[in-house]
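# Report on the structure
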Protein chains: 2
Amino acid sequence: MHRIKVKVAEGALDANDTIARANRDDFDRDGVAVVNLMSAPGAGKTTLLEAVVRAGLGDVRAGVLEGDVQGSLDAERLAHLHVPVTQLNTGNGFGGECHLDANMVRSALPSLPLADLDLLVIENVGNLVCPAEFRVGEDVRAMVCSVTEGEDKPLKYPLMFRACDLVVINKIDLLPHLDYDLDKLVYHLEAVHPGVEHIAVSARTGEGVEAVRDWFVRVASRAGAAV
Amino acid sequence: MHRIKVKVAEGALDANDTIARANRDDFDRDGVAVVNLMSAPGAGKTTLLEAVVRAGLGDVRAGVLEGDVQGSLDAERLAHLHVPVTQLNTGNGFGGECHLDANMVRSALPSLPLADLDLLVIENVGNLVCPAEFRVGEDVRAMVCSVTEGEDKPLKYPLMFRACDLVVINKIDLLPHLDYDLDKLVYHLEAVHPGVEHIAVSARTGEGVEAVRDWFVRVASRAGAAV
């Protein structure tokens, strides 16, 4: 038998990671902090963003890249709040993908006013599986987990909960009407991602939203410091 | 320029459809009606199935194929009700896929007691995008849409709502506590899938569950008639 020496390129990036790095370089050049915001459909990402904007981001100039399979309903909601928002549909030229990837985000960069932003929130497609597998050039990842979804979600979708730097537990105004144990959710969260930061909120009533707002402001100021 | 005659196999099936057809043949041979049950994460598929089983399926011998990325929490819940249940994890050998496909379902068939079933419910992975793109050999498709997800979901995930023969609108016990307009959801549903059957339920309180049970029984009896 012959022994064949094969040179392995250690740490070679796949195409997505290569493009994510290019996105990241562009964001860094303009001093923009980027949050990849993920959740299941209907968990309240857009309502949370609306509430955070209403709570006031101070000096932070924020923009949104809105990912959806189809339509621009969420982008229109955010545009009403005078936030620069760009719609990115995975149904147009991207095969109706169930997630954003780095290349899709890259295609939207020319329509984003990066030089005028401190913070860009990329609202991903509503999905608890695939979005966690694709870096898009973000600094941090946050997810919204609604209490109406049950306490078992970290155990059923561990990759998503492990991938995030912040878990926002939304719709806590509904707790009195649900058979839901918040301690159990946190216990499951700790099991799959020990020590992960979590904030319980009601984007609808505003409860807890200021803590999320403060988190976004901290993310933005860290990026500013790095430039 | 030469003209080259290319023979095109019209209606050629892709690999998934070919395997779905093989699954379907196996189901037909044993006279099993098959429902592909889909929803977003946490919409209440398993709770609905528990409620339907508790409501009583009469002579219908039902089994469940439980699809999850990881874990067997839902399968264990259903096994408590003495329903034959087989767990299928997309995380084991299927790359953590966000949906079931025909080949995954085929891999589980040997562990299902098909000869002893009239009805098989395939509980898909919680996801409003990709499951709608993969036939698995089912007779009909049903989806669960929770009122906590907002009224806009048919517009944002039209393929899923179009693919279904039944839309179960779940968690209506929470309506008094939500800013949710059920008529608006039905209006959006009609816009993307005119005339689709829908049933409003609370799997938690049992309201409306008998209508869903009757739908399952009708599906099972149609398959029996075809054998």
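The written sequence of each chain sets the order in which its residues are numbered from 1. Here chains are named by letter from A upward and ligands by number from 1 upward, in the order in which they appear as written. It should be noted that, the model being predicted, local features are given only for residues of pLDDT at least 70 and side-chain atom pairs only at 80 or more, the latter also being counted only at that level, while totals for whole chains, interfaces and linings use all residues. Only hydrogens and water are removed before side-chain values are computed, so all heavy atoms of the structure are retained for them.

## Description of the overall build of chain A
This is how the line gets drawn: Think of it this way: any DSSP run of H or I at least four residues long counts as a helix, any run of E at least two long counts as a strand, and we number them from the N terminus. Burial classes follow relative accessibility: with a 1.4 Å probe on protein chains only, a residue under 20% of its type's maximum area counts as buried, one over 50% as exposed, and anything between as partly exposed. We call two residues in contact whenever any of their non-hydrogen atoms come within 4.5 Å of each other. Only the protein chains shown count as cover for residues, with accessible areas throughout obtained via the Shrake-Rupley method and a probe of 1.4 Å. Charged residues are defined narrowly, with Lys and Arg counted positive, Asp and Glu counted negative, and His plus the chain ends left uncounted. Here the site of a charge means NZ on Lys, CZ on Arg, CG on Asp, or CD on Glu.
Of the regular secondary structure elements, chain A holds eight helices and seven strands. Here the C-alpha coordinates of chain A stretch approximately 70 × 45 × 35 Å along the principal axes. Here chain A, with 227 residues, has 56% of them falling under the buried criterion. In chain A, the share of contacts with a sequence separation of at least 24, taken over all contacts with a separation of at least 6, comes to 73%. As displayed, chain A offers around 10000 Å² of accessible surface, 50% of which is attributable to carbon and sulfur atoms. Here chain A holds 22 positive side-chain charges and 34 negative ones, and the gap between their average locations is 6 Å.

## Considering the sheet that holds strand 3 (residues 85–89) of chain A
Within a sheet, neighbouring strands are paired by backbone hydrogen bonds and run either parallel or antiparallel to one another. All names here are of chain A. Inclusion rule: In this scheme, strands are said to pair when DSSP sees at least two bridges between them. Axis definition: a line fitted to C-alpha atoms, over the contacting stretch in the case of helices. Angles run 0 to 180 degrees between N-to-C directions.
Strand order in the open sheet formed by seven strands is 3-2-4-1-5-6-7, with parallel pairing between adjacent strands. Each of the sheet's edge strands pairs with one partner strand only, and the pair in question is strand 3 and strand 7 (197–200). Each adjacent strand pair in this sheet contributes to an overall mean axis angle of 20 degrees, direction not counted. Against the sheet, helix 7 (residues 182–192) touches strand 5 (140–146), strand 6 (166–170) and strand 7, its axis set at about 160 degrees to strand 6.

## Some points on the pairing of strand 2 (residues 62–68) of chain A
Residues and elements named next belong to chain A. Most of strand 2 is tucked away, with seven of its seven residues classed as buried. The side-chain alternation of strand 2 yields two buried faces, one formed by Ala 62, Val 64, Glu 66 and Asp 68 and the other by Gly 63, Leu 65 and Gly 67. In terms of strand pairing, strand 2 meets strand 4 (residues 119–123) through five bridges, oriented parallel. By the bridge assignment, Gly 63 is partnered in strand 4 with Leu 120. The sheet contact formed by strand 2 and strand 3 spans five bridges and is parallel. When the bridges of strand 3 are listed, Glu 66 appears paired with Gln 87.

## Overview of the interface of chain A and chain B
We apply this condition: Two parts lose some accessible area (1.4 Å probe) when they are put together, and adding that loss for both gives the buried area. Basic side-chain nitrogens of Lys or Arg form a salt bridge, by our definition, when they fall within 4 Å of a carboxyl oxygen of Asp or Glu.
Each partner contributes to the interface: chain A provides 32 residues, whereas chain B provides 32 residues. Together chain A and chain B conceal approximately 2600 Å² of surface at their shared face, both sides included; 55% is due to carbon and sulfur atoms. Among the residues chain A hides against chain B, the three largest losses belong to Pro 41, Lys 156 and His 177 of chain A. Together they make up 22% of the total. Viewed at the interface, chain B and chain A are joined by six salt bridges.

## Overview of the relation of the copies chain A and chain B
Mapping between the two copies of the chain is achieved by a rotation about an axis and a shift along the axis. Formally: Here the copies were fitted onto each other by least squares, based on C-alpha atoms from residues at pLDDT of at least 70 in both.
You can overlay chain A on chain B at an RMSD of 0.0 Å; the transform is a turn of 180 degrees with a shift of 0.0 Å along its axis. Expressed as an axis order, the relation between the two copies is that of a two-fold axis. Of every C-alpha in chain A, the one belonging to Asn 127 of chain A sits nearest the axis of rotation, 3.0 Å from it. Both copies contact each other with a shared surface, as 100% of the interface residues of chain A are interface residues in chain B too.

## Looking at the packing of aromatic side chains
Residues and elements named next belong to chain A. Our working rule: Only the six-membered ring of Trp is used, alongside the rings of Phe and Tyr, when aromatic pairs are assigned; centres must lie within 6.5 Å, and planes under 30 degrees apart are stacked while those over 60 apart are edge-to-face, with the rest tilted.
Following the criterion strictly, the structure yields two aromatic pairs over all chains and no others. Centre to centre, the rings of Trp 215 and Phe 216 are 5.4 Å apart; their planes meet at 80 degrees, and the pair counts as edge-to-face. Judged by its relative accessible area of 5%, Trp 215 is buried. Judged by relative accessible area, Phe 216 falls into the buried class, the value being 3%.

## Topic: helix 2 (residues 45–55) of chain B
Within helix 2 of chain B, the full set of buried residues consists of Lys 45, Thr 46, Leu 48, Leu 49, Glu 50, Ala 51 and Val 52 of chain B. Just downstream of helix 2 of chain B lies Gly 56 of chain B, where phi reads positive at about 95 degrees.

## Some thoughts on the environment of Asn 89 of chain A
All names here are of chain A. Heads up, the rule is: Residues adjacent in sequence count toward polar contacts only when both atoms are side-chain atoms; beyond that, a polar contact is any pair of N or O atoms within 3.5 Å, and within protein one must be able to donate a hydrogen and the other to accept it.
The residue Asn 89 is located in strand 3 in this model. A relative accessible area of 14% means that Asn 89 is categorised as buried. Along the sequence, Asn 89 and Val 125 sit 36 residues apart, while their C-alpha atoms lie 9.1 Å from each other. Contact partners of Asn 89, with chain neighbours within four places excluded, come to Asp 68, Val 69, Gln 70, Gly 71 and Phe 94. Polar side-chain contacts of Asn 89 include one of 2.9 Å to the backbone oxygen of Gly 71.

## Some details on the environment of Gly 71 of chain A
Residue and element names in this part refer to chain A. Here Gly 71 is to be found in the loop between strand 2 and helix 3 (73–79). Each C-alpha atom of the pair Gly 71 and Asn 23 lies 24 Å from the other, and the pair is 48 residues apart in sequence. Discounting chain neighbours no more than four positions away, the residues touching Gly 71 are Gln 87 and Asn 89.

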